[in-house]
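Chain by chain, the residues:
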Amino acid sequence: MSVRVYVPRDASARSLGADEVAAAIAAGAAASGRPLELVRNGSRGMVWLEPLVEVVTPTGRIGYGPVAAQDVPGLLAAGLLDGGDHPLRVGPVAEIPYFARQQRLTFARVGAIDPLDLAAYEAEGGLVGLRNALALSPAAIVQAVTDAGLRGRGGAAFPTGIKWKTVLATEAPQKYVVCNADEGDSGTFSDRMLMEGDPFVLLEGMIIAGLATGATQGYIYLRSEYPDAAAVLQAAIERARAGGVLGPDVLGSGRAFELELRLGAGSYVCGEETALLESLEGKRGQVRYRPPVPAVAGLFGRPTALNNVVTLASVPIILARGAEFYRDFGLGRSRGTLAFQLAGNLARGGLVELAFGVTLRELLYDYGGGSASGRPLRAVQVGGPLGAYVPASDFDLPLDYEAFAAKGAIVGHGGIVAFDDTVDMAAMARYAFEFCAIESCGKCTPCRIGATRGVEVVDRLIARDRPALQLAVLRDLCDTMEHASLCALGGMTPYPVKSALQHFPGDFGLQTADDGAPRSS
Amino acid sequence: MSTAPQIPEADDAPLSAAMQQAVDDAIAAHQGRPGALLPMLHAVLAALGHVPLAAVPRIAAALDLSRAEVLGVLSFYHDFRTQPPGRTVVKLCRAEACKAVGADALAEHACRRLGVALQQTRADGAVTLEPVYCLGNCACGPAITIDGRMHGRVSPARFDALLERVAPKDPQP
Ligand SMILES: Cc1cc2nc3c(=O)[nH]c(=O)nc-3n(C[C@H](O)[C@H](O)[C@H](O)COP(=O)(O)O)c2cc1C
Ligand code: SF4
Ligand code: FES
């Protein structure tokens, strides 16, 4: 009997040599005449163990990692294909505490199955939500998503049910579902891991969004930095079409839904929803004034349900298990789970899906294992380049939209970037402005001009050039950008800047964040 | 905004027959689709490695747009380079999660090792070095791509090993 071995095809695993490992295992098995079924799965999210090889044995899936191609001959000699002992053996993967303690709802299948095997998808609970949705009225689907308390996972945390209700209520000859797969935030990769590891769940979520809103055409706007995800999605779309899941007659229901993949072209601001729509229409990715909101007049002026990848991929389980099941995870107004992404200087970086309410400390130490460098952690940036820096004194903050907002911070897309005590926070503040200047769409002055001024002011602060004056200018600039920018790129760049200054004034050569600055009366 | 719009000069290099074919293929493949301009530019980029400015009038005509509109789009997006790149294209992630594990030091090393500044193509055409802002590989940075292939945990030593085939020094002219 052939032995089944999983070697991830996830882009992170590949960046650490997974292709070479897969080839070495295939060659080794062939040389020994052992029939092998090699499956290229998604990543389990334990990036610190990648490439993580899994072998199916009578006692479950046994893991080995991190495996390098040169380890393979030794592993095979040690009985890899029968789950044999070896220093790289990590035991049954489902029992690794990092993995076992998670609450995997949206990412339940990621890493478990062949991402492009529609039959495996169905066998593991796929399409149940869609079948249930096909039996419901659009309003009932919207109600289920509302009752589940699902809020947008792209950053703004807007209630998905309310957005869909608007699209449903707006009459139009054509409506659209647009998936925001631009995932530009540094420190985030959950969209990517989902698309590469379980693309059908995203397709299913988009079809359900179509049923709920009356949209029959979907687009996935994927950043061009994700070629592996593009290949998986394109293949998944074709297989879903061939399997009657997509197309003029979704699962024999007589309802139509079509889907197309489009690529971005290296622009961070195109993750902003209206810039994304401009880009999809073939224009410069400039932010639109609103109203109207996209739900009323979005793509090509039509009502558009625009959602993040993880938002849409969380819909099938809500329809499959019920709104209450989902809502029972989380706390306060943050319901369900979030796929946290542990990034930067951490010993055990990766993806951790948990209910809202977990603290930063638990994520950074219990899961992340502290810094990779062995030095103390000094700051973490949560929620991407527009998120505040959180100092170690605030690590007990629970991950909850409102708790973070109360601290002037954001949860955003759930990216958590850790820095050890070698970080220069003045340099990070400077970079925040620099990034904003590079990526500004140029539509409004506070951002277009302000970001460049910000770099100059921080440079002068660092050079100790009249610090009191620079501080006053910096505060003024942050104020203007926050209050007068058209979108959050300009409007939230002050978050990382101000938090860096507030918590780490010494890095700017200052006694305190107010040092020498004229105090406002 | 990546670069200021470049206005094609009258004496801009005309398209070779092969390039013209690639542009016409891109037009044929995408004309008629809603929002066809980006897919068209991507197709040209994939075929030629850059989007020659001399392709702009053809694309504008095919989509019934002004040349200025096409140029505006071309110049907005970081991906659409208008000059041919070096034989090897190296992209270095410059974003926060990679900075947390040494991306700045790696960038300095890369510039020194390859003898070229960021956003430049070396004079001998061997290599182009470009910044990129997150590759979604943030749990195992610093991340880079070499000709589209991604690598994680790239130390300076690993960088040198990966780029062995690119000669380190700018050869004498
Ligand atoms: C500068 C900027 C960049 C953004 N980038 C993304 C992105 O990459 N992915 C994303 O889903 N949302 C991004 N957003 C948020 C979107 O504008 C929008 O709120 C979101 O896609 C809506 O989907 P959701 O409700 O499912 O979160 C960005 C917003 C701004 C201001
Ligand atoms: S804040 Fe910046 S990115 Fe946003 S609309 Fe204004 S110029 Fe464009
Ligand atoms: S920050 Fe470098 S890959 Fe994400």
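Criteria and cut-off values
Residues numbered from 1 in each chain as written. Chains lettered and ligands numbered in written order. Predicted model: local features only at pLDDT ≥ 70, side-chain atom pairs only at ≥ 80, totals over all residues. Heavy atoms only, no water. Helix = DSSP H or I, 4+ residues; strand = E, 2+ residues; numbered from the N terminus. Buried < 20%, exposed > 50% of the residue type's maximum accessible area, 1.4 Å probe, protein only. Contact = heavy atoms within 4.5 Å. Areas by Shrake-Rupley, 256 points an atom, 1.4 Å probe, with all protein chains shown as cover. Near = heavy atom within 4 Å. Nonpolar A, V, L, I, M, F, W, Y, C, P; charged D, E, K, R; others polar. Lys, Arg positive; Asp, Glu negative; His and termini not counted. Salt bridge = Lys/Arg side-chain N within 4 Å of Asp/Glu carboxyl O. Polar contact = N/O pair within 3.5 Å; in protein donor to acceptor, adjacent residues only side chain to side chain. Expected span 1.5 Å × (residues − 1). Arc of directions from axis to C-beta. Buried area = accessible area lost by both parts, 1.4 Å probe.

Colleague: Would you explain the overall build of chain A in this entry?
Modeller: Counting its secondary structure elements, chain A contains 22 helices and 16 strands. Taken along its principal axes, the extent of the C-alpha atoms in chain A is 80 × 60 × 40 Å. Sorting the 521 residues of chain A into buried and exposed places 60% on the buried side. Of all intrachain contacts in chain A linking residues separated by at least 6 positions in sequence, the fraction that spans at least 24 positions is 70%.

Colleague: Which parts of the structure should I look at to understand the overall build of chain B?
Modeller: A count of helices and strands for chain B gives 7 helices and 5 strands. Along the chain direction, N to C, the helices and strands of chain B fall in the order α-α-α-α-β-α-α-β-β-β-β-α. With the principal axes as the frame, chain B shows a C-alpha extent of 50 × 40 × 25 Å. For chain B, the proportion of its 173 residues judged to be buried stands at 50%. The contacts in chain B between residues at least 6 apart in sequence include a share of 63% that link residues at least 24 apart. Accessible surface for chain B amounts to roughly 7800 Å². Of this, 54% is attributable to carbon and sulfur atoms.

Colleague: What's the story with the site of ligand 2 in this structure? I'm lost.
Modeller: Taken together, 13 residues surround ligand 2, and among them Cys441, Cys444, Cys447, Cys487 and Gly490 of chain A come closest. The residue inventory of the shell around ligand 2, partitioned by class, reads 8 nonpolar, 4 polar and 1 charged.

Colleague: Just checking my understanding: could you explain the side chain of Glu353 of chain A for this structure?
Modeller: All names here are of chain A. Within the secondary structure, Glu353 sits in strand β13 (residues 350–355). Despite its burial, Glu353 remains without a salt bridge, the nearest opposite charge being carried by Arg104 at 5.1 Å. Among the polar contacts listed, one links the side chain of Glu353 to the backbone nitrogen of Phe107, at a separation of 2.9 Å. A polar contact is formed between the side chain of Glu353 and the side chain of Thr337, at a distance of 2.6 Å. Setting aside residues up to four positions removed in sequence, Glu353 forms contacts with Gln102, Gln103, Arg104, Leu105, Thr106, Phe107, Thr337, Leu338 and Ala339.

Colleague: Can you walk me through unusual backbone geometry in this structure?
Modeller: Across residues other than glycine, the phi torsion is negative in most instances, and most of the peptide bonds are trans. In this structure, Pro51 of chain A follows Glu50 of chain A across a cis peptide bond, with omega equal to -10°. For Pro51 of chain A, the position within the fold is in the loop between β2 (36–39) and β3 (53–57). Of note, the amide linkage connecting Gly141 of chain B to Pro142 of chain B takes the cis form, showing an omega dihedral of -5°. Residue position: Pro142 of chain B is located in the loop between β3 (127–132) and β4 (144–146). The residue Arg464 of chain A is not glycine, and still its phi comes out positive at about 60°. One can find Arg464 of chain A in the loop between α19 (445–462) and α20 (467–484). Phi is positive for Cys134 of chain B, close to 80°, though the residue is something other than glycine. Along the chain, the position of Cys134 of chain B falls in the loop between β3 and β4. On the accessibility criterion, Cys134 of chain B (1% relative accessible area) is buried.

Colleague: Would you mind showing me how to read helix α6 (residues 103–114) of chain B here?
Modeller: Because each turn of an α-helix spans 3.6 residues, side chains separated by three or four positions end up pointing in the same direction. Residue and element names in this part refer to chain B. When the terminal C-alpha atoms of α6 are compared, their 16 Å separation across 12 residues agrees well with the 16 Å that a helix rising 1.5 Å per residue should span. All of the buried residues along α6 are Ala103, Leu106, Ala107, His109, Ala110, Arg113 and Leu114. Looking straight down α6, one finds that the buried residues subtend no more than 165° of arc, so they occupy a single side. The exposed residues of α6 that point more than 90 degrees off its buried face are Glu108 and Arg112.

Colleague: Looking at this structure, I do not really get the interface of chain B and chain A. What am I missing?
Modeller: It is common to give the size of an interface as the accessible area lost on bringing the parts into contact. The partner chain A presents 61 residues to the 38 residues of chain B that form the contact. Counting the surface lost from both chain B and chain A, the interface buries some 3700 Å², and carbon and sulfur atoms represent 55% of this. Our enumeration of links across chain B and chain A arrives at 3 salt bridges. Counting residues per element, the ones that place at least two in the side of chain B that touches chain A are α2 (37–48), α4 (67–76), α5 (96–99) and β5 (149–151) of chain B.

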